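Chain by chain, the residues run as shown.
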Amino acid sequence: MIAPKIAAIETIEFSLPMLGELRWGSQSSLAVARHVLVTVALSDGSCGVAEAPPRPTIYGETAATIIAIIRDELAPRLLGQPATTAWERMAAIRNNHTAKGAIDMAVHDALAQSTGQSLAERLGATRDRVRVSYILGIGARDEVLAEAERVVAQGVRVLKVKVGRDWDEDIARIRDLQAMFGATVELYADANETMLAENAAHRLAALRELGLHYCEEPLPVEQIRARATLRAYGALPIIADDSAFTLRDLHRELEMDTFDILNIKTPRTGFTESLAMATHASAAGKGIMVGSQAGSTIGTARAAIFAARPEIAHPSELSFFLKLREEITERRLTLVDGWLDVRDALMVRIDPAQLRAMTVQT
Ligand code: MG
């Protein structure tokens, strides 16, 4: 069979109102989900979609730059070329992680249709449900606790607690969460590089004493020796996120042995590079979790299908849709006692009327 070629790439900017802001790290926040829907059509008539979530404080992208890089640089390299070569052709363009990631995921979605497979079959997903975590941002304590109560009532059983602006307040918030939920809810922390080499071991030990399971990215990424030392010290399992944006980053981090669990975010490495990262991390004996990069239901469903691969055992960040007032899909995902059903994720489709209603006119 001749591989289908890429016939068209289309981008639509959409904006989804949120139930309150998400705050993390030393100065990042998100008040509205203004994302880009990327559609890739192939020469055999199959068509795939994916979501690109711009994160200017993480990757430097905005909705406008995602649309521009696709129009000016990526589409000209891809149109008329075999769909199976899309990821390697896009490697010529540096950075622009979520623009490239969305094209790659849309290509896989289209190729699954083209070959008569489900996306789960194409990605090697074997499990029928995935364990989910919810990102609990930094904020006024009563608001954060109310949000936690709401999402636990909606089925969340693992909370990733953002820490790093005020340590005493972080600890007080964690103690309050434990008092509220007891053993029914598991907790871990994401420090987004805000600890110091002098206090990180002590802080990780304090989190372990409190019963937290892991800490994501405690130290600044450039402090690579300090991060390797901290991991060797073994106070608490460390998750790599900011330090492992790409496969290239991952090779360096494995070489320096800086982490225990890899957080693979399909929106930034697409499915092609995410698969390669999962293979390398798994071969090195590392644990894996998946993140949707605060995607809406379409992006979350795609990440959830990938997260059903057999080597991915840790709770994955697949519940940001609980923070959205609107969606562009026909259905919403639901959580049952901490789990997301992959068959549900496979049935998620764009609702054209909802998409039109949420489209940003530019
Ligand atoms: Mg993180």
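Conventions adopted
Residues numbered from 1 in each chain as written. Predicted model: local features only at pLDDT ≥ 70, side-chain atom pairs only at ≥ 80, totals over all residues. Heavy atoms only, no water. Axes fitted to C-alpha atoms, helices over the stretch in contact; angles between N-to-C directions. Helix = DSSP H or I, 4+ residues; strand = E, 2+ residues; numbered from the N terminus. Parallel < 35°, antiparallel > 145°, perpendicular 65-115°, else oblique. Contact = heavy atoms within 4.5 Å. Nonpolar A, V, L, I, M, F, W, Y, C, P; charged D, E, K, R; others polar. Pairing = 2+ DSSP bridges. 1 Å grid on protein atoms, 1.4 Å probe; cavity = no way out; pocket = protein on both sides within 12 Å on 5 of 7 lines; lining within 4 Å. Points joined across faces, edges and corners; volume = space filled by probe spheres on them. Domains from an automatic or database assignment. Buried area = accessible area lost by both parts, 1.4 Å probe. Salt bridge = Lys/Arg side-chain N within 4 Å of Asp/Glu carboxyl O. Polar contact = N/O pair within 3.5 Å; in protein donor to acceptor, adjacent residues only side chain to side chain.

Student: Sorry if this is basic, but what is going on with the packing of helix 10 (residues 266-283) against helix 11 (residues 297-307) here?
Tutor: Pairs of packed helices are described in terms of their axes, by the angle between the two and the distance that separates them. Packing of helix 10 against helix 11 brings their axes to within 11 Å, and their N-to-C directions diverge by 5 degrees. Our classification of the angle between helix 10 and helix 11 gives roughly parallel. Contacts between helix 10 and helix 11 involve Thr 266, Phe 271, Ser 274, Leu 275 and Ala 278 from the first element and Arg 302, Ala 303 and Phe 306 from the second. Its residues assigned to classes, the contact of helix 10 with helix 11 shows five nonpolar, two polar and one charged.

Student: Which parts of the structure should I look at to understand the environment of Pro 4?
Tutor: With respect to the helices and strands, Pro 4 occurs in the segment before strand 1 (6-24). Separated by 213 residues in the primary sequence, Pro 4 and Glu 217 place their C-alpha atoms 40 Å from one another. Contacts of Pro 4, omitting those with residues within four sequence positions, involve Leu 42, Ser 43, Asp 44, Gln 81, Pro 82, Ala 83, Leu 111 and Ser 114.

Student: Please clarify how the pairing of strand 1 should be interpreted in this entry.
Tutor: Looking at chain direction, strand 1 and strand 2 (residues 28-42) are connected through 14 bridges and run antiparallel. The residue bridging Leu 22 from the neighbouring strand is Leu 30, located in strand 2. Counting the residues in the hairpin turn of strand 1 and strand 2 gives three residues, including Gly 25, whose phi is positive at 60 degrees.

Student: I keep staring at empty space enclosed by the protein and nothing clicks. Help me out?
Tutor: Following the criterion strictly, the structure yields two cavities of 30 Å³ or more and no others. The computed volume of the largest cavity comes to approximately 50 Å³. Forming the boundary of the largest cavity are Tyr 134, Ile 135, Ser 292, Ala 294, Glu 317, Ser 319 and Phe 320. Across the lining of the largest cavity, the residue classes break down as four nonpolar, two polar and one charged. Of the pockets and cavities examined, the second largest cavity occupies roughly 40 Å³. Lining the second largest cavity are Glu 217, Pro 218, Leu 219, Arg 227, Leu 230, Ile 238 and Thr 258. For the lining of the second largest cavity, a count of residues per class yields four nonpolar, one polar and two charged.

Student: Just to check I follow, could you spell out the domain arrangement of the chain for this structure?
Tutor: Interface size is often expressed as the accessible area that is lost when the parts come together. Each assigned domain of the chain is listed here: domain 1 (6-117) and domain 2 (121-351). Look at where the C-alpha atoms of domain 1 and domain 2 centre, and you get two points 22 Å apart. Taken together, the contact between domain 1 and domain 2 spans 38 residues of the former and 43 residues of the latter. Here domain 1 meets domain 2 over a buried area of about 3500 Å², counting both sides, of which 61% is carbon and sulfur. By the criterion of area lost to domain 2, the three top residues of domain 1 are Leu 19, Arg 23 and Met 105, representing 19% of everything that side buries. Counting the contacts that link domain 1 with domain 2 gives one salt bridge. Across the contact surface, domain 1 and domain 2 share 21 residue pairs in polar contact (both at pLDDT 80 or more). Every element with two or more residues in the side of domain 1 that touches domain 2 is listed here: strand 1, strand 2, strand 3 (47-52) and helix 3 (97-114). Residue composition of the side of domain 1 that touches domain 2, by class: 19 nonpolar, 12 polar and seven charged.

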